[in-house]
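# Examining the three-dimensional arrangement
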Amino acid sequence: MRAAVLAGGAASRFGGRPKGLERVGGERIVDRVVAALQQAVGAPPLLVANAPDAARWRDGLTVTKDIVPGCGSLGGIYTALRAGSGPVLVVAWDMPFVSAPLLEALISGAADYDAFLPESDGPKGVEPLCAVYGEECADIIRERLAHEDFRATGFHHTIRLGTLPRERLATFGDPTTLFFNVNTADDLARAQEIWRQRSDATA
């Protein structure tokens, strides 16, 4: 099992600062994500990023740009798949509370499927940016990109799709927190509050 951090383009919602470089609880979000992935797969993840200075964001990571630019997160998933052989566990770099035990459960459940995703309460019903994708998905995703269908879940009806049920997901924590993503300054403030609450609860 390989792993990849999806960092996308150069986000500008923090005054030009890439959002994954923001800090939650004193630690950069990207470092939190990398640590969880590395614990889950036992090796450093690939960093899929298009920003010109991405190679300087963190030592020890291989960085690659999107093979097909301008296709959003689906393009990032495709790039992660094409960067090596076999399945790949991907996580968006703006999820500060994704945990290694959750990622390990995704790896464990993925063997019999082309893709394995956790169920969620979001509009898609699953969380496509914290999931395992098998190499069988690569050609299918490339076809969707060619047709300019950039929906991260738009190809699911064509593959063997497995899901981690909400009941099992809840054993790793509150799904709302696990998949909380930082897109705005308000989100960052909320993430800091979540981190403080969690720290107080374990003190």
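### Brief notes about the packing of aromatic side chains
If you walk through the whole model with that rule in mind, you get three aromatic pairs. Centroid distance Trp57 to Trp93: 4.7 Å. Interplanar angle 20 degrees. Geometry classified as stacked. With Trp57 in the loop between strand S4 (46–49) and strand S5 (63–64) and Trp93 in the loop between strand S6 (88–92) and helix H3 (100–109), this residue pair connects regions lying 36 residues apart in the sequence. Grouping residues by exposure puts Trp57 and Trp93 together as buried. Between Tyr133 and Phe155 the ring centres are 6.4 Å apart and the planes differ by 40 degrees, which places this aromatic pair in the tilted class.

### Quick notes on unusual backbone geometry
Despite not being glycine, Glu148 shows a phi value in the positive range, around 55 degrees. You can see Glu148 is positioned in the loop between helix H4 (137–146) and strand S9 (161–164). Residue classification places Glu148 among the exposed positions, given a relative accessible area of 63%.

### A short note on the nonpolar core
Counting 67 residues, the largest nonpolar core has Leu103, Cys130, Tyr133 and Ile141 as the members making the most contacts within it. Broken down by element, the residue count for this core peaks at eight residues, all from helix H1 (residues 29–41). Setting aside chain neighbours within four positions, we find Cys130 in contact with Val90, Val91, Met95, Val98, Leu102, Leu103, Leu106, Pro118 and Phe179.

### Side note on the pairing of strand S8 (residues 130–133)
Across a regular strand the side chains alternate sides, sitting on one face of the sheet and then on the other. Burial along S8 is two-sided: Cys130 and Val132 and Ala131 and Tyr133, pointing in opposite directions, are all buried. Across four bridges, the pairing between S6 and S8 is antiparallel. Bridge pairing links Val91 to Cys130 in S8. As paired strands, strand S7 (residues 115–118) and S8 are joined by two bridges and run antiparallel to one another. The residue of S8 that forms the bridge with Phe116 is Val132.

What counts and how
- Residues numbered from 1 in each chain as written.
- Predicted model: local features only at pLDDT ≥ 70, side-chain atom pairs only at ≥ 80, totals over all residues.
- Heavy atoms only, no water.
- Phe/Tyr/Trp six-rings, centres within 6.5 Å; stacked < 30°, edge-to-face > 60°.
- Helix = DSSP H or I, 4+ residues; strand = E, 2+ residues; numbered from the N terminus.
- Buried < 20%, exposed > 50% of the residue type's maximum accessible area, 1.4 Å probe, protein only.
- Core = buried A, V, L, I, M, F, W, Y, C linked by side-chain atoms within 4.5 Å.
- Contact = heavy atoms within 4.5 Å.
- Pairing = 2+ DSSP bridges.

By themselves these figures say nothing about function.
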